[in-house]
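So you can see what is in the structure, the chains are spelled out below.
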Amino acid sequence: MRILLIEDDEVLADILSRSLHKHNYVVDIVADGQAGWEYAESTKYDLLLMDVGLPKVDGITLCQRLRSKGFFTPILLMTAKDASSDRIRGLDAGADDYLIKPFEVGELQARVRALLRRGDVPRTPVLQVGSLRLDPSICEAKYEDQAVELTPKEYSLLELFLRNPARVYSRGDIIEHLWTFDDPPQEESVKSHIKGLRQKLKAAGAVDWIENVYGVGYRLKPHSQEKSQISTSPTKIPNPDVEQQFNQAMSGMWNQYQGLMAERIQLLQQAAGELRTGKLGSDLRQSAGRAAHKLAGVLGMFGKETGTQTAREIEQILEGDAKLSTDQQRQLLSLIEKLDNLLNLKEQGKEDRGTPRQGDAGNKFNNFSASSTPPLSPLPNARLLLIDPDLQLGLQLQQLVQTGDIYWKQITKLEDAKHYLQNTSPDLVILSIDEAGWREESLALLLDLANRTPPLAVLILATGDGLVDRVTVARAGARGFLAKPVTATQIWNTALQILQRSRSQVINILVVDDDPVMLGILRPMLEPWGIRMAELEDPLRFWEVLQAVMPDLLILDVDMPQLSGIELCQAVRTDPNWQELPILFLTAHREMETVQQVFAAGADDYVVKPVVGAELLARITHRLERAHLLQAFFTKDLITGVANQPHSDRDLQQLIIHAQKHNQLVCLAIFNVVDLRQINIRYGHEAGNQVLQKWGRLFQSTFRGGEVVGYWGSGEFVVGIPGLTKAEMSDRLSDLLTTLRQQIFIAADGTRYQAVCNFAVVEYPTDGLNVASLYQAASSILKIK
């Protein structure tokens, strides 16, 4: 478990760090509130342990800032003040617990364990999967009552797996959880610790409990007879709310698609009838083979693994054009009869092939059918929910929404809304909290939606406009706040802004598969995790839909009529705009020839049908992580962490093009580390890099909206902001400039030094009509200074 310790007393920080390390916690230490904010914002921690009297940003202010930004990590405050008013202030700021200095280290450890158990979901004090137990209070691991002696890192690995028994962890995930910034691992460290943990578990009798998921990472794999004994509440893949959503969707899906399954069985039975008379033609044989292929791909996902295996054997016999031997014919007839008896499907009419779920009719976000046109609006397929009894307001919003490809729904009763949200995850909820008897329940609903995985965006409508009202809803996780009376246009404009911000964090995936059953299964498997899925059955419309969806990842079926997934993959890889798009294949084929073909076509990964949800999610996450790393490598400056010169230059050009169209101003500012070269010469390049890294973090924490921030080399940072005059820009940057000039750095020899900062501001179109001319104007000002 990873803890951030924010304490400016070096002696106390050292004592606490040593104590936490002895209990196998990974600890990062910072000495001021501003650094604590930056660390907490950039890294996922399991607990924040902070002093109240911190320099730069005090602990209570930092706590308030974290909660207002939607951070729900447990916070334990420490203070030397014993006044009840101080404790109340800390708890009201969002802290989960409080310790008065001086305190016993044992009490600290107990409170840390209690908060970690509380965490995001309920956790038992003793972690147990089957016969494997781990007690965090005494750092003891046992298998069938036999002690397992582990190193600190092996213990932390086992705890990580036991707290998340269904999650697949990549090496990067493990490094993030178990190593500090000051203790980076060697390349093979994770593999070595995994091997050591496996050997010690095996020696105790727990054989092959850690599984290597090829190309993804590692996960806990208890023996099948022990899986039912899992007693911890995992924090990732089997999130109870998400698992419940998926199970509810799957429970109705078998009945929904029984008609289509029956058609496929009937096709196999027709082939069997023709086979008995010796009249099985090549067309019917191929159609029956495709039906068996589709059954093999989905039956296992409904818990019918035997059906998948039987259908796969039928497909193998029907492959090719060679005449079937007597034994093959006898085996085929037996397998078809076995599959028919196993599924026991009643005859279904074609009208039952798989109709949309109740409530889906007319929802533009469901799929791309053969006749529909792909959405082209700025926010395609968005889903909005208004919870407010004011029907007139709902009607006005409906009229505004009709101009876009957006699904809108209004619910007038809070209880009905709660029921609706149990199985549905809109992109934005607009919630009125001050109706009669609604306030407390509305705030509870807001907190619940903010704590979902992923969190739902909520815009609050309230009659009160005081600071307490705004802080209360911000602490609960609201993304926006509007005070009544408010017009439909104001709500709509605010909603669009929230949706634009949210959409930048949503993963868009396009799935191309001609089997509607597979598409129907994948949606409830992916969407609860913030993955927006667009589906396509007709591969002939692939390019049109690809351009409309602009996916972050593409999932292709191998076998489809007219165009195969392999051919689509080859087409994507020949286009320069899509060559870096991660592509994952779904296939019921296990033979090496098919695997080689998909990789030769340009695939990044493949998953064998029937799909296992946890594996598919892990492979998607792994591929997206690699894609983001590559993108960051080509678009970000590696030292400062902000955009590099080519990427930020393009963004600035787009900013100016937009300003030209809308007759707006754009201001460009250049910040220059004047003495960077002298710092490098006198103290070494590490000292110069220290300045650039610190400045980079400050720029990233200051600018979070539609600004453009880049590093152009030689100590120059560039910032572009639309809609401000030169005077307004200078005023906005004054605090940042002061902070940059106040930074104190320490060289390797202990010498303290500061960096000299100059800056210049220019304005489009007054000082230049493009990026180059604006940069020249700003550089001329810097030379004069």
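Residues numbered from 1 in each chain as written. Predicted model: local features only at pLDDT ≥ 70, side-chain atom pairs only at ≥ 80, totals over all residues. Heavy atoms only, no water.

(A) Representation of the overall build of the chain in the model. Looking only at helices and strands, the chain features 28 helices and 27 strands. Classification of the 785 residues of the chain by burial places 51% in the buried group. Residue pairs in contact within the chain that sit at least 24 positions apart in sequence constitute 68% of those at least 6 positions apart. When the accessible surface of the chain is split by element, carbon and sulfur atoms take 49% of a total near 37,000 Å². (Helix = DSSP H or I, 4+ residues; strand = E, 2+ residues; numbered from the N terminus. Buried < 20%, exposed > 50% of the residue type's maximum accessible area, 1.4 Å probe, protein only. Contact = heavy atoms within 4.5 Å. Areas by Shrake-Rupley, 256 points an atom, 1.4 Å probe, with all protein chains shown as cover.)

(B) Layout of a negative patch on the surface. Residues Glu319, Asp559, Glu591 and Glu593 make up a contiguous surface patch of negative charge. By the element assignment, glutamate 593 lies in helix H22 (residues 592-601). Its relative accessible area of 55% is what places glutamate 593 among the exposed residues. (Patch = residues over 30% accessible without salt bridge, like charges linked within 9 Å, V, L, I, M, F, W, Y side chains within 5 Å. Salt bridge = Lys/Arg side-chain N within 4 Å of Asp/Glu carboxyl O. Lys, Arg positive; Asp, Glu negative; His and termini not counted. Charge placed at Lys NZ, Arg CZ, Asp CG, Glu CD.)

(C) Representation of the nonpolar core within the structure. Ranked by internal contacts, the top residues of the largest apolar core, which has 52 residues, are Met261, Leu268, Ile314, Leu339, Leu586, Leu616 and Ile620. Not counting chain neighbours up to four residues away, the residues in contact with isoleucine 620 comprise Ile509, Leu526, Ile531, Leu553, Ile555 and Leu584. (Core = buried A, V, L, I, M, F, W, Y, C linked by side-chain atoms within 4.5 Å.)

(D) Main features of the side chain of serine 442. Within the fold, serine 442 resides in helix H16 (residues 439-450). Exposure remark for serine 442: the relative accessible area of 0% places this residue in the buried category. Excluding its chain neighbours within four sequence positions, the residues that come into contact with serine 442 are Leu414, Leu431, Ser432 and Ile433.

(E) Spotlight on the pattern of salt bridges. Considering all chains together, one arrives at 23 salt bridges under this definition. A salt bridge links lysine 200 to glutamate 154; the nearest nitrogen and oxygen atoms lie 2.8 Å apart. A residue pair is termed long-range when its members are at least 10 positions apart, and lysine 200 in helix H8 (residues 189-204) and glutamate 154 in helix H6 (residues 152-163) qualify at 46 residues.

(F) How the structure looks around the packing of aromatic side chains. Using the criterion set out here, one finds twelve aromatic pairs in the structure. Where phenylalanine 599 meets tyrosine 606, the ring centres are 5.9 Å apart and the plane angle is 80°; that geometry is what we call edge-to-face. Looking at phenylalanine 599, the relative accessible area reads 36%, which means it is partly exposed. Here tyrosine 606 falls in the partly exposed class, since its relative accessible area comes to 23%. A centroid spacing of 4.9 Å and a plane angle of 50° characterise the contact between tyrosine 711 and phenylalanine 717, whose relative ring orientation is tilted. For the pair tyrosine 711 and phenylalanine 717, one class covers both residues: buried. Joined through ring pairs, the aromatic side chains of Phe671, Trp695, Phe699, Phe703, Tyr711, Phe717 and Phe759 make up one cluster. Sitting over the ring of tryptophan 37, arginine 65 keeps its end group 5.1 Å from the ring centre. (Phe/Tyr/Trp six-rings, centres within 6.5 Å; stacked < 30°, edge-to-face > 60°. Lys NZ or Arg CZ within 6 Å of the ring centre and 35° of its normal.)

(G) Quick peek at helix H24 (residues 645-662). Helix length check: H24, at 18 residues, gives a terminal C-alpha distance of 26 Å against a target of 26 Å (1.5 Å per residue), a fit within 8%. Burial in H24 covers these residues: Ser648, Asp649, Leu652, Leu655, Ile656 and Ala659. Mapping the buried residues of H24 onto a view down its axis gives an arc of 115°, with all of them on the same face. Within H24, the exposed residues directed more than 90 degrees away from the buried face are Gln654 and Lys661. For H24, the side-chain oxygen to backbone nitrogen distance between the N-cap and histidine 647 is 3.0 Å, and the N-cap itself is asparagine 644. Remark: asparagine 663 follows H24 within two positions and exhibits a positive phi of approximately 55°. (Expected span 1.5 Å × (residues − 1). Arc of directions from axis to C-beta. Polar contact = N/O pair within 3.5 Å; in protein donor to acceptor, adjacent residues only side chain to side chain.)

(H) Looking closely at the confidence of the model for the chain. Scored by pLDDT, the chain comes out at a mean of 80, with 82% of its residues at no less than 70. Considering only residues more than four positions removed or in separate chains, one finds that residues 119-124, a stretch of pLDDT under 50, has 17 contacts. Throughout residues 224-242 the model reports pLDDT below 50, and contacts reaching past four residues in sequence, or to other chains, amount to 46 contacts. (pLDDT = per-residue confidence, 0-100.)

(I) Spatial organisation of the sheet that holds strand S15 (residues 457-462). Ordered by their spatial adjacency, five strands build an open sheet running S13-S12-S14-S15-S16, and the pairing between neighbours is parallel. On the outer flanks of this sheet lie strand S13 (406-411) and strand S16 (480-483), each paired with one strand and no other. Across this sheet, the average inter-strand angle for adjacent strands is 15°, counted without regard to direction. Pairing of strand S14 (residues 428-432) with S15, which is carried by five bridges, proceeds in the parallel orientation. By the bridge assignment, valine 429 is partnered in S15 with valine 458. (Pairing = 2+ DSSP bridges. Axes fitted to C-alpha atoms, helices over the stretch in contact; angles between N-to-C directions.)

(J) Summary view of the packing of helix H15 (residues 414-422) against H16. Close contact between H15 and H16 brings their axes to 11 Å; oriented N to C, the two are set at 15°. Taken together, the axis directions place H15 and H16 in an arrangement best described as roughly parallel. Both H15 and H16 take part in a crossing whose hand is left-handed. Between H15 and H16, the residues in contact are Leu414, Glu415, Lys418 and Leu421 and Glu441, Ser442, Leu445 and Leu449, respectively. Looking at the contact of H15 with H16 residue by residue, the class counts come to four nonpolar, one polar and three charged. (Parallel < 35°, antiparallel > 145°, perpendicular 65-115°, else oblique. Left-handed = near helix turned anticlockwise from the far one by under 90°. Nonpolar A, V, L, I, M, F, W, Y, C, P; charged D, E, K, R; others polar.)

(K) Summary view of the environment of leucine 220. Take leucine 220: it is sitting in strand S11 (residues 217-220). Leucine 220 sits 91 residues away from valine 129 along the chain, and the two C-alpha atoms are 9.4 Å apart. Not counting chain neighbours up to four residues away, the residues in contact with leucine 220 comprise Val129, Phe161, Leu162, Pro165 and Trp209.

(L) Just the environment of alanine 13, in detail. Of note, alanine 13 is situated in helix H1 (residues 10-22). Exposure remark for alanine 13: the relative accessible area of 5% places this residue in the buried category. On a C-alpha basis, the gap between alanine 13 and alanine 31 in space is 8.7 Å, while along the polypeptide they are 18 residues apart. Filtering out sequence-adjacent residues up to four positions away, alanine 13 remains in contact with Leu5, Glu7 and Ile29.

(M) Focus on unusual backbone geometry. The peptide bond linking lysine 484 to proline 485 adopts the cis configuration, its omega dihedral lying at 0°. Relative to the assigned elements, proline 485 resides in the loop between S16 and helix H18 (488-503). Note that the residue after tyrosine 764, namely proline 765, is joined by a cis bond; omega there is 5°. Residue placement: proline 765 occurs in the loop between strand S27 (757-764) and helix H28 (771-784). One non-glycine residue with positive phi stands out, namely aspartate 208, at about 55°. Judged by relative accessible area, aspartate 208 falls into the exposed class, the value being 63%.

(N) View of the sheet that holds strand S7 (residues 132-135). Within the open sheet, the four strands sit side by side as S6-S7-S8-S9. Their pairing is antiparallel. Both edges of this open sheet fall to strand S6 (127-129) and strand S9 (146-147), since each of them pairs with a single strand only. Strand direction decides the pairing type here: strand S8 (residues 140-143) and S9, joined by two bridges, are antiparallel. When the sheet's bridge partners are listed, lysine 142 is paired in S9 with alanine 147. In this fold H6 packs onto S6, S7 and S8, with an angle of close to 110° to the strand it touches most, S7.

(O) Quick peek at the packing of helix H25 (residues 676-683) against helix H26 (residues 685-702). The contact between H25 and H26 brings their axes to 6 Å, and the two run at 140°. Classified by the angle their axes make, H25 and H26 are oblique. Touching Leu676, Ile679, Asn680 and Tyr683 of H25 are His685, Ala687, Gly688, Val691 and Leu692, all from H26. Tallied by class, the residues present in the contact of H25 with H26 amount to six nonpolar, three polar and no charged.

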